[in-house]
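# Descriptive structure summary
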Amino acid sequence: MNPMTMSHHDTPLARSFKIQMRVIGALLMREVLTRYGRHNIGFLWLFVEPMLFTLGVTALWSALESVHGSKLPIVGFAVTGYSSVVLWRNCANRCALAIQPNLSLLYHRNVKILDIFISRLLLEIGGATLALIILIIIFMAVGLMSPPADIGRMVGGWMVLILFSAALGLFVGALTERSDLAERLWHPISYFLFPVSGAVYMVDWLPQNLQPLALYLPMVSGVELLREGYYGAALVHAHYELVYAITSSLALMFVALVLTRQAAGRVQPE
């Protein structure tokens with residue numbers, strides 16, 4: 001193959017990638033300024049908001065520790081569990097009905113519906129990740145949490161949760177663009193998913209006949225691996241199906257991308 005021909009074809013692709021990265025970066029900054037503004041602590045709300053939610057739940061669980069029934073340190077259990085909820089819930093909530101308020105942006109030919117979704121997902125993933133890290137550091141500093149037993153497993157569990165949350169966010173965002181009914185149905189569905197998502201229990205606590213059923217939800221495997229990484233295998237008996245969790249999340253991502261492409265064909269910029 002002629003090297004000149006390869007260069008000719010490679011350059012536009014590389015340039016297009018750089019353009020899309022700049023577009024997503026600009027959308028990120030716009031989203032931060034639109035949502036949090038320049039006053040008070042501004043963009044710091046990006047991770048302060050999920051921190052406050054997790055702190056509130058942690059305080060409540062700590063107050064009710066005597067009736068909780070778990071022998072695991074309650075602060076670490078609450079932080080790992082509710083941080084995962086914040087991640088997938090916020091990704092889906094922020095992508096729902098995300099297109100209509102940003103229709104005017106689609107007038108620019110380099111801005112696509114997928115870019116809007118990606119910018120919102122990156123914002124929520126970054127905020128939830130920072131909140132988790134900062135909470136662990138703060139609680140370790142005051143003696144309420146011990147250092148993680150296996151940071152690698154924690155990172156692995158969090159990455160599984162990120163993959164699922166991004167796929168769920170794209171799926172919900174594309175569906176809500178097709179029908180307002182999808183947005184109305186998502187909220188009760190999210191309330192149902194919360195108690196079964198693995199945030200408030202370990203799979204090992206369930207009856208044996210229910211344990212395989214719990215693992216049909218991809219985020220449960222992520223939470224189990226996250227907690228195994230934090231507590232260590234000697235303290236918790238985690239159950240997870242990583243191949244299934246990753247494969248099902250990728251399948252959901254594929255369906256979401258197809259729906260997003262269909263939505264792009266119907267949306268008309270203002």
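Bear in mind the structure is a predicted one, so any value in this text is a computation, not a measurement.

We now examine helix α5 (residues 113–141). Its 29 residues give α5 an end-to-end C-alpha distance of 42 Å, which sits within 8% of 42 Å, the value for a rise of 1.5 Å per residue. Downstream of α5 by one or two residues, Gly143 has phi in the positive range, about 85°.

What follows covers the side chain of Ser221. Here Ser221 is to be found in helix α9 (residues 218–231). Judged by relative accessible area, which is 0%, Ser221 ranks as buried. Those residues within four positions of Ser221 in sequence are excluded, and the remaining contacts are Leu215, Tyr240, Glu241, Leu242 and Ala245.

This brings us to the pattern of salt bridges. The tally for this structure, following the rule as stated, stands at three salt bridges. A salt bridge links Arg153 to Asp150; its shortest N-O distance comes to 3.6 Å. Taking relative accessible area as the criterion, Arg153 reaches 36% and is therefore assigned partly exposed. What you see here is one network of salt bridges that share partners, running through Asp150, Arg153 and Glu228.

The subject of this paragraph is the packing of helix α4 (residues 74–95) against helix α6 (residues 151–178). At a minimum axis distance of 7 Å, the contact between α4 and α6 shows a crossing angle of 25°. Taken as axis vectors, α4 and α6 run roughly parallel relative to one another. Our pair here, α4 against α6, has a crossing hand that is right-handed. Contacts between α4 and α6 pair Ser83, Ser84, Leu87, Trp88, Cys91, Ala92 and Cys95 from the former with Trp158, Leu161, Ile162, Phe164, Ser165, Leu168, Gly169, Val172, Gly173 and Thr176 from the latter.

The next subject is the state of the cysteines. Throughout the structure, instances matching the rule amount to zero disulfides. Looking at the unpaired Cys91, the closest cysteine sulfur is the one in Cys95, lying at 6.7 Å.

We now examine empty space enclosed by the protein. Under the criterion given, the structure shown has one cavity of 30 Å³ or more. As for the largest cavity, its lining consists of Leu27, Arg30, Glu31, Asn102, Leu105, Ile116 and Ser119. Elements that contribute at least two residues to the lining of the largest cavity include exactly α1 (3–36) and α5. With three residues, α1 is the single largest residue contributor to the lining of the largest cavity. Broken down by class, the residue content of the lining of the largest cavity amounts to three nonpolar, two polar and two charged.

Right, let's talk about the layout of surface pockets for a bit. Taken as a whole, the largest pocket spans an internal volume of roughly 300 Å³. Here the lining of the largest pocket is composed, by residue class, of 16 nonpolar, one polar and no charged.

Quick look at the nonpolar core now. Judged by nonpolar contacts, the single largest core of 58 residues is most densely connected at Val79, Leu87, Trp88 and Trp158. When contributions to this core are tallied by element, the ones reaching two or more residues are α1, α4, α5, α6, α7 (180–196), α9 and α10 (242–266). Setting aside anything within four residues of it in sequence, one finds Leu87 in contact with Glu124, Ile125, Ala128, Trp158, Leu161, Ile162 and Ser165. Among the nonpolar cores identified, the runner-up in size contains five residues, and Tyr201, Val203, Ala214 and Val220 belong to it.

Our focus in this paragraph is the packing of aromatic side chains. Counting across every chain of the model gives four aromatic pairs. Between Tyr230 and Tyr231, the ring centres sit 4.8 Å apart and the planes meet at 70°, which makes this aromatic pair edge-to-face. On the basis of relative accessibility, which here comes to 9%, the residue Tyr231 falls in the buried class. Its guanidinium or amino end placed over the ring of Phe77, Arg227 lies 3.7 Å from that ring's centre, counting from NZ or CZ.

In this section: the side chain of Ser84. Following the sequence through the fold, Ser84 ends up in helix α4. Reaching out from Ser84, the side chain makes a polar contact with the backbone oxygen of Gly81 at a distance of 2.5 Å. Setting aside chain neighbours within four positions, we find Ser84 in contact with Trp158, Leu161, Ala199 and Val223.

Geometrically, a packed helix pair is captured by the angle between its two axes and the distance between the axes. Contact geometry for α9 and α10: axes closest at 8 Å, N-to-C directions at 135°. Between α9 and α10, the angle is such that the two are oblique. Here the hand of the crossing between α9 and α10 comes out left-handed. Residues Pro218, Ser221 and Leu225 of α9 form the contact with α10, whose participating residues are Leu242, Ala245, Ser248 and Ser249. Class assignment for the residues of the contact of α9 with α10 results in four nonpolar, three polar and no charged.

Moving on, we come to α6. With 28 residues, α6 should reach 40 Å at 1.5 Å per residue; the first-to-last C-alpha distance of 41 Å fits that figure. Where α6 begins, the capping side chain belongs to Asp150, and its oxygen is found 3.1 Å from the backbone nitrogen of Gly152.

Conventions adopted
Residues numbered from 1 in each chain as written. Predicted model: local features only at pLDDT ≥ 70, side-chain atom pairs only at ≥ 80, totals over all residues. Heavy atoms only, no water. Helix = DSSP H or I, 4+ residues; strand = E, 2+ residues; numbered from the N terminus. Expected span 1.5 Å × (residues − 1). Buried < 20%, exposed > 50% of the residue type's maximum accessible area, 1.4 Å probe, protein only. Contact = heavy atoms within 4.5 Å. Salt bridge = Lys/Arg side-chain N within 4 Å of Asp/Glu carboxyl O. Axes fitted to C-alpha atoms, helices over the stretch in contact; angles between N-to-C directions. Parallel < 35°, antiparallel > 145°, perpendicular 65-115°, else oblique. Left-handed = near helix turned anticlockwise from the far one by under 90°. Disulfide = S-S within 2.5 Å. 1 Å grid on protein atoms, 1.4 Å probe; cavity = no way out; pocket = protein on both sides within 12 Å on 5 of 7 lines; lining within 4 Å. Points joined across faces, edges and corners; volume = space filled by probe spheres on them. Nonpolar A, V, L, I, M, F, W, Y, C, P; charged D, E, K, R; others polar. Core = buried A, V, L, I, M, F, W, Y, C linked by side-chain atoms within 4.5 Å. Phe/Tyr/Trp six-rings, centres within 6.5 Å; stacked < 30°, edge-to-face > 60°. Lys NZ or Arg CZ within 6 Å of the ring centre and 35° of its normal. Polar contact = N/O pair within 3.5 Å; in protein donor to acceptor, adjacent residues only side chain to side chain.

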